[in-house]
Amino acid sequence: MAIKLIAIDMDGTLLNPQHEVTPRVKQAIQAARDKGVTVVLATGRPFVGVQRYLAELGLQQEGQYCISNNGALVQKADTGECVAEVAVSFDDYLYYEQMARDLGVHFQALTQTHLYTANKDISRFTIHEASMTGIPLRYRPVEEMDASMTFPKVMMIDEPALLDAAIARIPAEARARNTILKSSPYFLEILNKQVNKGAAVKVLADRLGLQREEVMALGDQENDLAMLEFAGTGVAMGNGIDAVKAIAQFITTANDEDGVAVAIEKFAL
């Protein structure tokens, strides 16, 4: 069946190491759109960190969509209005924030509009996240947080070796309670158990009346696995981790070698 929906991860996939969309990738996406294919950015970033790329790719229009926060939010690309949302509770925030302290790693929590940390020694990775995406950063002690808040996701963050050591000590109870996965060597994301990029892509496919055989997904990290598994055509980036390559139908070139364009040209054009 012809590809009618393409879901593309951003960091490590759509974007090259300089966080740019290359001319060939941009041209391939436009050519797919000219054929009537719906192109959706599916990312761990908050919506504010996606907007400039939506605009650059001509996707910030009525009838276009975006998947943010690793699938916790499905949003209209032009307004940011939520089509679907599955959040982490405040009780979960308290549970994992304390666990991060016990494990000796930093912690942060995202709402739709802000990035919060209760760490006085704010992690450089938290500062990097705020700088890269443009989401406002707030230091706020746990006891000053609003208990009515919910979060698309919360995160343990730290130097890769320190984070990996902490991950090895996360109890089975915590893994059963929520979805826990790495999106980069220094980010561990904690989401509602129902949330992943694959579930979000299915929401969109259903909304558009498409079958999974008409969906292509491209990614490079653990948080892309469910999306590639759902899609009829799952594409791993050449720079992707081994687990992603193992479940993909096709391995394209790396993100610094126009890998997204290579895959779109092969399967959608």
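Preceding block: the structure.
None of the values given here were measured: they were computed from a predicted structure.

Caption draft 1: The overall build of the chain, seen in detail. Check the secondary structure of the chain and you find 10 helices and 14 strands. Its C-alpha atoms give the chain a radius of gyration of 18 Å, near enough to 18 Å, the size a compact globule of 269 residues would have. For the chain, the spread of C-alpha atoms along the principal axes amounts to about 55 × 35 × 30 Å. The long-range fraction of contacts in the chain, counting pairs at least 24 apart against all pairs at least 6 apart in sequence, stands at 60%. For the chain, the accessible area works out to roughly 11000 Å², and carbon and sulfur atoms hold 48% of it.

Caption draft 2: Examining the sheet that holds strand β5 (residues 82–85) more closely. Strand order in the open sheet made by the 8 strands is β5-β4-β3-β2-β1-β12-β13-β14, with mixed pairing throughout. Looking at strand neighbours, the two that pair on one side only are β5 and β14 (250–251), the edges of this open sheet. Of the strand pairs in this sheet, strand β1 (residues 5–8) and strand β2 (residues 38–42) are connected by 4 bridges, and their pairing is parallel. Paired with Leu5 across the strands is Thr38, a residue of β2. In this fold helix α10 (residues 259–267) packs onto β1, β12 (215–219), β13 (233–236) and β14, with an angle of close to 160° to the strand it touches most, β12.

Caption draft 3: Looking closely at the side chain of Gln75. Following the sequence through the fold, Gln75 ends up in strand β4 (residues 73–76). What makes Gln75 buried here is its relative accessible area of 3%. Of note is the side chain of Gln75, whose polar atom sits 2.6 Å from the side chain of Ser68. Discounting residues that sit within four places of it in the chain, Gln75 has contacts with Phe47, Gln64, Tyr65, Cys66, Ser68, Gly80, Glu81, Cys82 and Val83.

Caption draft 4: Region of the structure containing the side chain of Arg45. Assignment of secondary structure puts Arg45 in the loop between β2 and α2 (51–56). A distance of 2.7 Å separates a polar atom in the side chain of Arg45 from a polar atom in the side chain of Asp11.

Caption draft 5: Region of interest: helix α5 (residues 160–167). Leu163, Ala166 and Ile167 are the residues of α5 that are buried. The arc enclosing the buried residues of α5, seen along the axis, measures out at 100°, which places them on a common side. Looking at the packing, one finds that the buried side of α5 touches α3 (90–103), β9 (153–157), α6 (172–177), β10 (179–184) and β11 (187–191).

Caption draft 6: Here's a closer look at the nonpolar core. Formed by 31 residues in total, the largest nonpolar core has its most connected members in Ile6, Ile8, Leu14, Leu41 and Ile264. Once you skip the residues sitting within four places of it in the chain, Leu41 turns out to touch Ile8, Met10, Leu14, Val50, Tyr53, Leu54, Leu57, Leu59, Tyr65, Cys66 and Ile67. If you look at the next biggest cluster of nonpolar residues, it comprises 26 residues, including Tyr93, Ala109, Tyr116 and Met156.

Caption draft 7: How the structure looks around the pairing of β10. Burial analysis of β10 places 6 of its 6 residues in the buried class, the great majority of the element. With 5 bridges connecting them, β10 and β11 associate as antiparallel partners. Paired with Lys182 across the two strands is Leu188, which belongs to β11.

Caption draft 8: Just the pattern of salt bridges, in detail. The full count for this structure, using the stated rule, is 13 salt bridges. The residue Glu214 makes a salt bridge to Lys4 at a minimum N-O spacing of 3.2 Å. Here the residue Glu214 occupies a position in the loop between α7 (197–208) and β12, and Lys4 occupies one in the segment before β1, the gap between them amounting to 210 residues. Three or more residues are tied together by salt bridges with common partners; here these are Asp9, Lys197 and Asp224.

Reading the values: rules and limits
- Each chain carries its own residue numbering, running from 1 in the written order of its sequence.
- A pLDDT threshold of at least 70 governs which residues receive local features in this predicted model, and a stricter bar of 80 or more applies before side-chain atom pairs are shown or counted, although totals over entire chains, interfaces and linings include all residues.
- To obtain the side-chain values, all non-hydrogen atoms of the structure were included, while hydrogens and water were left out.
- The numbering of helices and of strands both runs from the N terminus, where a helix is a DSSP run of H or I of at least 4 residues and a strand a run of E of at least 2.
- A radius of gyration in this sense is built from C-alpha atoms; the matching globule rule multiplies 2.2 Å by the number of residues raised to 0.38.
- Contacts between residues were defined by any pair of non-hydrogen atoms, one from each residue, lying within 4.5 Å.
- Using the Shrake-Rupley algorithm and a 1.4 Å probe, accessible areas are obtained, with residue cover drawn only from the displayed protein chains.
- Paired strands, as defined in this entry, are two strands with at least two bridges between them according to DSSP.
- Angles run from 0 to 180 degrees between N-to-C directions of axes, and those axes are lines fitted to C-alpha atoms, restricted for helices to the stretch in contact.
- Type-normalised accessible area, obtained with a 1.4 Å probe on protein chains alone, sets the label of each residue: buried when under 20%, exposed when over 50%, and partly exposed for intermediate values.
- Polar contacts, as used here, are pairs of N or O atoms within 3.5 Å; protein pairs need one atom able to donate a hydrogen and one able to accept it. Residues neighboring in sequence count only if both atoms are side-chain atoms.
- Directions are taken from the helix axis to each C-beta atom, and the arc is the one they span.
- Within this scheme, the nonpolar core is defined by two criteria: the residues are buried Ala, Val, Leu, Ile, Met, Phe, Trp, Tyr or Cys, and they are joined through side-chain atoms within 4.5 Å.
- By definition here, a salt bridge exists when the distance from a side-chain nitrogen of Lys or Arg to a carboxyl oxygen of Asp or Glu is within 4 Å.

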